[in-house]
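Given next are the chains, with one letter for each unit.
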Amino acid sequence: MNMSIARCLLLALMMCASLSAQSTMGVVLGTVKDPTGSVIKAAAVRLTNVGENTSRETLTDDNGNYEFPNVKRGVYSVTVKAQGFQQFAAAQFPLEARQTVRVDASLAVGEITQSVEVTAALGVIATDSPAIHSTLTTEKVASLPVNVRAGGSTSPYNIIATLPGVQPDNGNGFGIQGGIPAQSDSSLDGISITNSSGNSPLRALFPSVESIAEIKVQGVGNTAEYGAPGDIATISKSGTNKYHGAGFWYHQNRALDARSFGQTSLPAKIGNTFGGTIGGPLSIPKLYKGTDRTFFLFTWESFRFPRQTTIQNSIPTERMKAGDFNNEGVTIRDPLTGQPFAGNQIPAARFSSVTRQVIPFYPTINAGPTDRFTAANFIENRSARIESDQFDLRGDHQFSPKHAFFTRYSRKTNPSFAPNALLLPTDTVQDGYHSGVVSYTWTIKANLLNEFRSGVNYSFSERQFPFDGRAFLRSLNLKDIPLNPIYNGIPAFQVDRITSFAKGRPGFSRSWNTQFIDNLTWIKGRHTIKTGVDIRKLRGESNISFITGDSYGEFAFNGNFTGHPWGDFLLGAPIQSSYADLQIDNDGRAT
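Because the structure is predicted, anything quoted here is derived from the model rather than measured.

Draft legend 1. The arrangement of the overall build of the chain in detail. Helix and strand counts for the chain stand at six helices and 30 strands. Within the span of the chain, comprising 591 residues, buried residues form 46% of the whole. For the chain, long-range pairs separated by at least 24 residues make up 67% of all intrachain contacts whose partners lie at least 6 apart in sequence. Total accessible area on the chain is roughly 28,400 Å²; 56% of this is exposed by carbon and sulfur atoms.

In structure tokens:
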């Protein structure tokens, strides 16, 4: 019978191994001995969260060992009591997320009313876990000579590159300790923030720096619990028994900026990031007092960046727009006769009706000579404004030493403007992010604990083109092109050496990650057995673009007919044309 039970247990653990779940909790453990080095069993050990003044208790086993699993990050103290010995206390040591901290106690003989307090810092060499990790705390982020709020974003994602063992690639992804970026998973409070449609972290989903307790990167020696070889875990701050608040403001401008190649003047840039944070015990006068039980932390952050970006286009001269190529060093031929046009000029009467409607979107030259064509002859600074507003709200509650709960909700909106080429109107971009998590920890027995965690991370990005492309398409009367395309856009006229009149399909993407996690930890003698499940429902949506013009049509001009690409365009003689036949599937989406 015992052998059958052992086999069943082993089989269950093997089945759960592939479903092991992620946790952000740490472990505090140790061994209690007397002055002779003999272990002390049944000693009372108390672990106290200094910031919250919440405690958990356990007894040492027959080997003098104790262990507190599923401990959230924070600053802790340990006290040990045993009959006939002085009390031992280890005061205020930090515990990081997913860290195992050993606090061994050597009890001196004496009255229990006497106390020996250890205040020295604990050893930094971890002997109870083989994982190699590095950590960024809020204090480190604030003291490092970097500005995580520069470059149009408030996300601290890029600062991860400063940690040892992190290798950035050209796509702004991070490999961990020799692995490739696709072999790393990123999470926020234990819930994955990997983009379900791109297999990369949702960089803007990181909370405000003021709401981050730590960012932890670990790789080599990582346990099977975390699945991927590399792991980037971000942990949010929680409130404490004391009220804390702060306000902040960061400013940036172009005063010390350098000009990029081709820029005739620096684009405007005035960035302001401002906000505040407050946290502490949740108390309602005359109704509820949350000291030692209920805590909150709220952070709000806004970003205003009315910057400009430089547009550089290569456009035809006014004489070329009128069909005159005398200054271009080329002989323009009539494709109908093969003979040169009189005066090396294409008559306006021969212009395509499509060309006549497109030419007004080409601006006037403002850089370089105006009487002959040169590259990058139109340079203009245009608005590329970026804004964002975000908040993070977290609540923690301890029902009793055996039952603890926390929840967090974060939201961020990030509108921006994206200028287009030529005189086409500027795109408006709407990005948004939502993140929520709940966690419940239950100490079933001193040696049996369960943690349930669930969360949802959602992001979306939508680009709008403020131009009636359907009406414009109908006015062009292009042959064999459907007049009622599914989405808003314009045909693509690609002219060699000249900036094309083109606009790809306005893009969109959405990503959902719904996750349910349950961890069960069982301590049996010298052994700690941990198993769990991690259930994820992933959903991603994004537009699929086949060619630049898609169902509006794409037309290429290379000078094959007249001897100059712009001449072919004026006559409406493309070397190649195509369009993508997009249809509505039975799910109501364009494909």
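Having seen it, we continue.
Draft legend 2. A nonpolar patch on the surface, seen in detail. A contiguous nonpolar surface patch, about 760 Å² in accessible area, is contributed by Phe399, Phe405, Val438, Tyr440, Trp442, Phe452, Phe516, Val533 and Ile535. Within the secondary structure, Tyr440 is located in strand E24 (residues 427–445).

Draft legend 3. Highlighting the environment of Leu424. Residue position: Leu424 is located in the loop between strand E23 (403–418) and E24. C-alpha of Leu424 to C-alpha of Pro466: the two residues are 42 residues apart in sequence and 9.2 Å apart in space. What Leu424 contacts, discounting residues up to four positions off in sequence, is Phe361, Phe465, Ile490, Phe501 and Ala502.

Draft legend 4. Layout of the packing of aromatic side chains. With the rule as written, the count across this model stands at 23 aromatic pairs. Their ring planes at 85° and their centres at 5.9 Å tell us that Phe361 and Phe467 sit as a pair that is edge-to-face. Placement of the pair is Phe361 in the loop between helix H4 (353–358) and strand E21 (378–383) and Phe467 in the loop between strand E25 (448–464) and helix H5 (469–476), with a sequence separation of 106 residues. With a relative accessible area of 15%, Phe361 lands in the buried category. These aromatic residues form a ring-pair network of at least three members: Phe361, Tyr362, Phe465, Phe467, Phe472, Phe493, Phe501, Phe555, Phe557, Trp566 and Phe569. Of note, Lys503 hangs over the ring of Phe465, and the distance from its end group to the ring centre comes to 5.3 Å. Its end group placed over the ring of Trp512, Arg539 keeps NZ or CZ at 4.5 Å from the ring centre.

Draft legend 5. Quick look at the pairing of strand E28 (residues 527–542). Note: strand E27 (residues 508–524) against E28, 16 bridges, orientation antiparallel. Paired with Thr521 across the bridge in E28 is Lys530. Joining the antiparallel neighbours E27 and E28 is a turn of two residues, in which Gly525 adopts a positive phi near 60°.

Draft legend 6. Broad picture of the pattern of salt bridges. Under the counting rule described, the total for this entry stands at 23 salt bridges. For Lys72, the salt bridge identified is with Asp396, shortest N-O distance 2.8 Å. Of this pair, Lys72 sits in the loop between strand E4 (65–71) and strand E5 (74–81) while Asp396 sits in strand E22 (residues 386–400), placing them 324 residues apart in sequence. For the residue pair Lys72 and Asp396, the accessibility class agrees, reading buried in each case. When salt bridges that share partners are traced, they join Glu52, Lys72, Asp189, Arg394, Asp396 and Arg408 into one network.

Draft legend 7. Expanded view of the nonpolar core. Counting residues in each nonpolar core, the largest one holds 39 residues, and the members touching the most others are Phe325, Ile346, Val358, Tyr362, Phe493, Phe501 and Trp566. Secondary structure elements with two or more residues in this core: H4, H5, strand E26 (492–495), strand E29 (554–557) and helix H6 (565–571). Of all the elements, H6 adds the most residues to this core, at four residues. Discounting chain neighbours no more than four positions away, the residues touching Phe501 are Val358, Phe361, Tyr362, Leu422, Leu424, Phe472, Ile490, Pro491, Ala492 and Phe493.

Draft legend 8. Quick look at the sheet that holds E27. Read from one edge of the open sheet, nine strands run E17-E18-E19-E22-E23-E24-E25-E27-E28, paired in antiparallel fashion. In this open sheet, the two edge strands, each paired with only one partner strand, are strand E17 (244–253) and E28. The mean inter-strand angle of the sheet, taken between neighbouring strand axes irrespective of direction, is 5°. Bridge analysis of strand E18 (residues 270–281) against strand E19 (residues 294–305) gives 10 bridges, and the strand direction is antiparallel.

What counts as what
- Residues numbered from 1 in each chain as written.
- Predicted model: local features only at pLDDT ≥ 70, side-chain atom pairs only at ≥ 80, totals over all residues.
- Heavy atoms only, no water.
- Helix = DSSP H or I, 4+ residues; strand = E, 2+ residues; numbered from the N terminus.
- Buried < 20%, exposed > 50% of the residue type's maximum accessible area, 1.4 Å probe, protein only.
- Contact = heavy atoms within 4.5 Å.
- Areas by Shrake-Rupley, 256 points an atom, 1.4 Å probe, with all protein chains shown as cover.
- Patch = residues over 30% accessible without salt bridge, like charges linked within 9 Å, V, L, I, M, F, W, Y side chains within 5 Å.
- Salt bridge = Lys/Arg side-chain N within 4 Å of Asp/Glu carboxyl O.
- Phe/Tyr/Trp six-rings, centres within 6.5 Å; stacked < 30°, edge-to-face > 60°.
- Lys NZ or Arg CZ within 6 Å of the ring centre and 35° of its normal.
- Pairing = 2+ DSSP bridges.
- Core = buried A, V, L, I, M, F, W, Y, C linked by side-chain atoms within 4.5 Å.
- Axes fitted to C-alpha atoms, helices over the stretch in contact; angles between N-to-C directions.

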